[in-house]
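Coordinate inspection notes
Each chain, written out:
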Amino acid sequence: MCTGAVGVEHRHLVDLEQRVLACACGACATLFDREGACGGRFRTVPERYVGDPQWRPAPEAGKALAALDVRGGLAFFVRRCGAGQVLAVRPGPAGPVESEVEPGLWQAAFAGAAPARLLVDDVEALLLWSDTGRARCALVPLDAAFALLAALRPLWREPDGGPAARARVTAFLADLDRRAVPVPATARWGTPA
Ligand SMILES: [Zn+2]
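Residues numbered from 1 in each chain as written. Predicted model: local features only at pLDDT ≥ 70, side-chain atom pairs only at ≥ 80, totals over all residues.

Time to look at helix α5 (residues 142-152). The buried fraction of α5 amounts to eight of the eleven residues, a majority that puts the element mostly inside the structure. Here α5 has its buried residues at Leu142, Asp143, Ala144, Ala145, Phe146, Leu148, Leu149 and Leu152. (Buried ≥ 20, exposed ≤ 12 C-beta atoms within 10 Å, placed from the backbone. Helix = DSSP H or I, 4+ residues; strand = E, 2+ residues; numbered from the N terminus.)

The following block contains the structure:
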């Protein structure tokens, strides 16, 4: 981005034109750290992880969740600013596999899931995974999502990832548990005041 030094620990920007992640120095990360409005080429990836252990998919969400085709028990969803287009990104042996998700399906699957409502377009990903048969979701930074998908690429064996990939996912989920903050009370539906 600039001539500023980038340390080992650094943040990332999304380049919305090239659709790539770029390393950012501290000054650039602050400069492009803005939420809300679409527009502008670069946006800083937030650092938050938000879990929602209370989420139970509504009975009518079951079909929608099944239709999202969570390969190997894991998928990320990214919403693009403006058009409201939702992309599913799944692990695969040739790298991440992207496909478009019908907005109605997305809404049906994640109705009542606070992390889905908090999701910031383009820079955060909603992770959906299966925990002993139960669907769970959390909000994770986009760079963390793609780092996991990159790590899974050489490990992945069809159809479900295989033991090495599953171990990597388990490690990611343990890290997520440590980092995740609960859903802010103000972001919940139907919470009595
Ligand atoms: Zn910079």
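That shown, we press on.
On to the domain arrangement of the chain. Under the domain assignment used here, the chain contains domain 1 (11-44) and domain 2 (50-183). The C-alpha centroid of domain 2 is placed 22 Å from the C-alpha centroid of domain 1. Opposite the seven residues of domain 1 that make contact, domain 2 presents eight residues. Looking at the side of domain 1 that touches domain 2 residue by residue, the class counts come to four nonpolar, one polar and two charged. (Domains from an automatic or database assignment. Contact = placed C-beta atoms within 7 Å. Nonpolar A, V, L, I, M, F, W, Y, C, P; charged D, E, K, R; others polar.)

Attention shifts here to the sheet that holds strand β3 (residues 42-44). The strand order across the open sheet formed by three strands is β2-β1-β3, and the pairing between neighbours is antiparallel. Where the open sheet ends on each side, the last strands, each with one partner, are β2 (20-24) and β3. Each strand axis lies, on average, 35 degrees off the axis of its neighbour in the sheet, ignoring direction. As paired strands, strand β1 (residues 11-15) and β2 are joined by five bridges and run antiparallel to one another. In the sheet register, His12 faces β2, and the bridge partner there is Cys23. (Pairing = 2+ DSSP bridges. Axes fitted to C-alpha atoms, helices over the stretch in contact; angles between N-to-C directions.)

Counting buried positions over the five residues of β1 gives four, a clear majority of the element. Bridge analysis of β1 against β3 gives three bridges, and the strand direction is antiparallel. Paired with Val14 across the strands is Arg43, a residue of β3.

All right, on to the sheet that holds strand β10 (residues 181-182) then. The strands making up a sheet associate through backbone hydrogen bonding, with each pair oriented either parallel or antiparallel. Strand order in the open sheet formed by seven strands is β7-β6-β5-β8-β9-β4-β10, and the pairing between neighbours is mixed. Of all strands in the sheet, those with a lone pairing partner are β7 (97-101) and β10, marking the two edges. Alignment of strand β4 (residues 50-51) against β10, held across two bridges, turns out to be parallel. What sits directly across from Gly51, in β10, is Pro182.

Quick look at the nonpolar core now. Counting residues in hydrophobic clusters, the biggest one holds 49 residues, and the most contacted among them are Phe77, Ala125, Leu126, Leu127, Val140 and Ala145. In terms of residue count, α5 provides more of this core than any other element does, seven residues in total. Residues from two domains meet in this core; each of domain 1 (11-44) and domain 2 (50-183) gives at least three. In this view, Val140 contacts Tyr49, Ala125, Leu127, Ala145 and Leu176; residues no more than four positions away in its chain are not counted. (Core = buried A, V, L, I, M, F, W, Y, C linked by C-beta atoms within 7 Å.)

What follows deals with the confidence of the model for the chain. The predicted model of the chain has a mean per-residue pLDDT of 88, with 94% of residues at 70 or higher. α5 holds the highest mean pLDDT among the elements of the chain, 96, whereas helix α2 (residues 62-67) holds the lowest, 87. (pLDDT = per-residue confidence, 0-100.)

This brings us to the environment of Trp55. Relative to the elements of secondary structure, Trp55 occurs in the loop between β4 and α2. Taking the number of C-beta atoms within 10 Å as the measure of exposure, Trp55 has 19 and is therefore partly exposed. Measuring from C-alpha to C-alpha, the distance between Trp55 and Pro184 comes to 13 Å, with 129 residues separating the pair along the chain.

On the secondary structure map, Phe42 appears in strand β3. Residues Phe42 and Ala22 lie 20 residues apart in sequence; the distance between their C-alpha atoms is 9.2 Å. If near-sequence neighbours (up to four positions away) are discounted, Phe42 is found in contact with Leu13, Val14, Asp15 and Phe32.

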